[in-house]
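Structure at a glance
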Amino acid sequence: MKKKQIGVFSGSFNPVHTGHCILANFMLEFTFLDEVWPVVTPQNPLKNSQHLLDDVIRLKMAEMAFSDFDKIRVSDIEFEMPRPSYTIDTLERLEIENPDCEFALIIGGDNWSRFHQWKDYGKILSKYKILIYPRLGEEMKVPAELSGNVCIVNAPIVEISSTFIRESIPKGKNVRAFLPSPVYEYILNNKLYH
């Protein structure tokens with residue numbers, strides 16, 4: 001029986017925004033994927049975690065953001081894993097827990113540029129398909145020998161950043177258009193990022 005093709009879309013989602021929804025939706029509709037699983041990361045080893053909201057709050061916002069998408073399922077698998085979170089460990093754990101699924105990794109061009117810094121990046125390249133979406137100012141090249149497993153996806157370039165949203169909210173800016181409605185209301189009601 002053919003295994004279900006799952007795209008793993010990891011991120012801090014601090015906060016999740018409409019750009020994340022656009023990318024997840026695009027990957028689902030315009031690639032071979034059957035489902036996309038946004039994985040909320042407690043701690044990215046290559047990022048500063050000082051501005052991170054609590055894991056459970058970020059998970060709740062991600063669940064709100066993707067609740068209307070039938071084939072997008074938010075995962076908290078990394079909450080029970082050692083920190084910082086390494087992608088290879090997450091992918092292997094997902095495989096063990098979901099033997100009927102095959103996993104592919106969804107990353108941005110910025111992450112592809114520094115992929116060689118990732119733990120066991122060679123193992124990821126040999127075991128999993130990688131779908132790369134474009135980021136402004138990032139030149140994306142895939143060596144010919146990797147073209148079987150690594151694919152650049154012509155997804156829309158979405159220049160919305162969680163940093164921009166976090167910095168705008170305490171200044172009293174209305175960033176409603178950048179966030180799914182329930183997430184925006186949740187941030188306002190709970191006075192997050194102030």
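Reading the values: the criteria
Residues numbered from 1 in each chain as written. Predicted model: local features only at pLDDT ≥ 70, side-chain atom pairs only at ≥ 80, totals over all residues. Heavy atoms only, no water. Helix = DSSP H or I, 4+ residues; strand = E, 2+ residues; numbered from the N terminus. Contact = heavy atoms within 4.5 Å. Buried < 20%, exposed > 50% of the residue type's maximum accessible area, 1.4 Å probe, protein only. Pairing = 2+ DSSP bridges. Axes fitted to C-alpha atoms, helices over the stretch in contact; angles between N-to-C directions.

Notes on the environment of leucine 28
Mapped onto the secondary structure, leucine 28 falls in helix H1 (residues 18-30). Distance from leucine 28 to lysine 71, taken between C-alpha atoms, is 7.8 Å for residues 43 residues apart in sequence. Excluding anything up to four places from it in sequence, leucine 28 contacts Leu33, Asp34, Glu35, Val36, Lys71 and Ile72.

With respect to the pairing of strand S3 (residues 101-108)
Within S3, 7 of the 8 residues are buried, which leaves it mostly tucked inside the rest of the structure. Bridge analysis of strand S1 (residues 4-11) against S3 gives 5 bridges, and the strand direction is parallel. The residue bridging valine 8 from the neighbouring strand is leucine 105, located in S3. Across 5 bridges, the pairing between S3 and strand S4 (residues 129-133) is parallel. Residue pairing across strands places isoleucine 107 opposite isoleucine 132, the latter belonging to S4.

Considerations on the sheet that holds S3
Spatially, 5 strands are ordered S2-S1-S3-S4-S5 in an open sheet, and the strand pairing comes out parallel. The sheet is open, and its two borders are formed by strand S2 (35-40) and strand S5 (150-152), each paired with just one other strand. Direction aside, neighbouring strands of the sheet carry axes that sit 30° apart on average. Sitting on the sheet, H1 is in contact with S1, S2, S3 and S4, with an inclination near 145° to S2. The strands touched by helix H3 (residues 87-97) within the sheet are S1, S2 and S3, with S3 carrying the most contacts at an inclination of about 155°.

A look at unusual backbone geometry
Excluding glycine, residues mostly have negative phi values, and the peptide bonds linking residues are mostly trans. For the peptide bond that leads from asparagine 14 to proline 15, omega is 0°, which places it in the cis range. Position of proline 15 among the secondary structure elements: in the loop between S1 and H1. Cis rather than trans, the peptide bond between arginine 83 and proline 84 has omega equal to -5°. Unusually for a residue other than glycine, phenylalanine 13 sits at a positive phi of about 50°. Here phenylalanine 13 shows up in the loop between S1 and H1. The phi dihedral of lysine 191 is positive, around 50°, even though this residue is not glycine. With respect to the helices and strands, lysine 191 occurs in the segment after helix H7 (181-189).

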